[in-house]
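As a plain string of letters, each chain reads:
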Amino acid sequence: MALYAALLHYPVYNKSGKVVATSLTTLDIHDIARAARTYGVKRYFIVQPIENHLWLARKLLSFWQGGHGREYNPKRWEALKLVEAVPYFEDALKRIEELDGVKPKVVVTSAKRYPGAVSYDFLRDRLKTEDLIICFGTGWGLTEEFIKQADYILEPIEGPTDYNHLSVRSAASIIFDRLLGR
């Protein structure tokens, strides 16, 4: 079965706890795409409802997917060809259904512990029988409402200290490795 990924810029929290749409960071597009390609993620969606930011994401992708960037750096193209920018998460689900004919189960990530969160071993087993889309939040994380609608909540990444504020790029790489690595 397939693993898909989505980087959500909405609905997420800001540091004050307000629901917002966060700014696009082009490094997230490049770095998560490279990790996704390395680990065999089928498609990677940038979810960005801010019109100018969505335009920027699509402009960057058009350069690398079919423009001069493809010839300039084929390795980068290999990764970025997996990426599509859409305004809302529902659009990502719709595209997966259009392109691949499947409706993946939704997995959310959080730095916070949730009752009933599933382990990496559990999700690795699920990938044998189910298509999954793993959702990464920007800002201060996905909203509670979004998390409650998911099929699975993944346990947080925890190190040996009480500090738990990884960049989303780092978290995505660690999670892909735990789910798909050898």
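What this report covers is the structure whose coordinates are included nearby. It should be emphasised that the depicted structure is a prediction, and the values quoted were computed from it without experimental measurement. (Residues numbered from 1 in each chain as written. Predicted model: local features only at pLDDT ≥ 70, side-chain atom pairs only at ≥ 80, totals over all residues. Heavy atoms only, no water.)

**Let's talk about the packing of helix 1 (residues 26-39) against helix 2 (residues 51-66)**
- For the pair helix 1 and helix 2, the least separation of the axes is 10 Å and the interaxial angle reads 45°. One finds that helix 1 runs oblique with respect to helix 2. As helix 1 packs across helix 2, the resulting crossing turns out to be right-handed. Together, T26, I29 and H30 of helix 1 and L56, A57, L60, L61 and W64 of helix 2 make up the contact between the two elements.
- Tallied by class, residues from the contact of helix 1 with helix 2 come to six nonpolar, two polar and no charged. (Axes fitted to C-alpha atoms, helices over the stretch in contact; angles between N-to-C directions. Helix = DSSP H or I, 4+ residues; strand = E, 2+ residues; numbered from the N terminus. Parallel < 35°, antiparallel > 145°, perpendicular 65-115°, else oblique. Left-handed = near helix turned anticlockwise from the far one by under 90°. Contact = heavy atoms within 4.5 Å. Nonpolar A, V, L, I, M, F, W, Y, C, P; charged D, E, K, R; others polar.)

**Focus: the pairing of strand 4 (residues 44-47)**
- Both faces of strand 4 are covered, namely the face carrying Y44 and I46 and the face carrying F45 and V47.
- Looking at chain direction, strand 1 (residues 3-8) and strand 4 are connected through four bridges and run parallel. The partner of L8 across the bridge, within strand 4, is V47.
- Sheet analysis places strand 4 next to strand 5 (residues 83-86), joined by four bridges and oriented parallel. Following the sheet pairing, V47 is matched in strand 5 by V86. (Buried < 20%, exposed > 50% of the residue type's maximum accessible area, 1.4 Å probe, protein only. Pairing = 2+ DSSP bridges.)

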